[in-house]
Amino acid sequence: DQQVKQNSPSLSVQEGRISILNCDYTNSMFDYFLWYKKYPAEGPTFLISISSIKDKNEDGRFTVFLNKSAKHLSLHIVPSQPGDSAVYFCAASVGMRFGAGTRLTVKP
Amino acid sequence: GAVVSQHPSRVICKSGTSVKIECRSLDFQATTMFWYRQFPKQSLMLMATSNEGSKATYEQGVEKDKFLINHASLTLSTLTVTSAHPEDSSFYICSASVGGYQPQHFGDGTRLSIL
């Protein structure tokens, strides 16, 4: 029962350009969403979150957008940097369900 | 930032043995700890949620007698894989939270290999 889906397993962008990572969910009861970043051989680290009462949250180069009607959220990274290369997971509250992750590669 | 220590990072053992994995929050009190399992190229699958001093809540399909979880203090939770078999080989990862809508802080995971 995949309640949180990240349909793109990988994404490659050029340094300086925008990275857009997408996430869809099915459970309308989810009211809080988070993005985590994971490097190999390490646990995920928290990146940014958004409550369902908002449709946008910004923190430096990272912005998360939430479209409740579409049950869709996205993470924008601009400008992208090589150090952003990692696997990004979106997660939803109510049991902290995780998507399968998207591997972002930022090319210099 | 908040630190969660998970130990051991890697375990290789024979089929039939029991393996204990520890998860410690080093600089904060974790009212809630989560245990996940990750198969290659797949998502983190939530196994159970534990609150300090109470029994863990297991996800559907997770055998509670197979995966024993103890959250005896606000800084320590343990996962014991009992009578482990090769199909239990996986990457197990814990996380801790102060509760509510606060983000989880993850350990670095344990690679379990059962021969």
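What comes next is a walk through the structure.

Calculation criteria
Residues numbered from 1 in each chain as written. Chains lettered and ligands numbered in written order. Predicted model: local features only at pLDDT ≥ 70, side-chain atom pairs only at ≥ 80, totals over all residues. Heavy atoms only, no water. Helix = DSSP H or I, 4+ residues; strand = E, 2+ residues; numbered from the N terminus. Buried < 20%, exposed > 50% of the residue type's maximum accessible area, 1.4 Å probe, protein only. Contact = heavy atoms within 4.5 Å. Salt bridge = Lys/Arg side-chain N within 4 Å of Asp/Glu carboxyl O. Disulfide = S-S within 2.5 Å.

What to know about the environment of A:Q6
All names here are of chain A.
- Of note, Q6 is situated in the loop between strand 1 (4-5) and strand 2 (10-14).
- The exposure class of Q6 is buried, given its relative accessible area of 7%.
- Between the alpha carbons of Q6 and G99 there is a distance of 5.4 Å; along the sequence they are 93 residues apart.
- With residues up to four places along the chain from it excluded, the contact list for Q6 reads N22, C23, W35, Y88, F89, C90, G99, A100, G101 and T102.

A short note on the pattern of salt bridges
- Applying the stated criterion across every chain yields a total of five salt bridges over all chains.
- Of the charged contacts, one joins A:E58 and A:K56 as a salt bridge, the two residues approaching to 4.0 Å between their closest N and O atoms.
- Taking relative accessible area as the criterion, A:K56 reaches 42% and is therefore assigned partly exposed.
- Across the salt bridge formed by B:K66 and B:D88, the nearest N and O atoms sit 2.7 Å from each other. Within this pair, whereas B:K66 is found in the loop between strand 6 (57-58) and strand 7 (67-73), its partner B:D88 is found in the loop between strand 8 (76-81) and strand 9 (90-97), the two being separated by 22 residues in sequence.

Some words on the state of the cysteines
- Tallied over the full model, the rule gives two disulfides over all chains.
- Here A:C23 is linked by a disulfide to A:C90, with a sulfur-sulfur distance of 1.9 Å. Across the S-S bond linking A:C23 and A:C90, the dihedral sits near 65°, which makes this disulfide right-handed. Taken together, the residues A:C23 in strand 3 (residues 19-25) and A:C90 in strand 9 (residues 86-92) connect sequence positions 67 residues apart.
- A residue is classified by how much of its surface remains accessible, and A:C23, at 1% relative accessible area, is buried.
- Between the sulfur of B:C23 and that of B:C94 lies a disulfide, 2.0 Å long from S to S. Where B:C23 bonds to B:C94 through sulfur, the torsion about that S-S bond is close to 80°, and the disulfide is right-handed. Residue B:C23 is located in strand 3 (residues 19-25), and its partner B:C94 is located in strand 9; the two are separated by 71 residues in the primary sequence.

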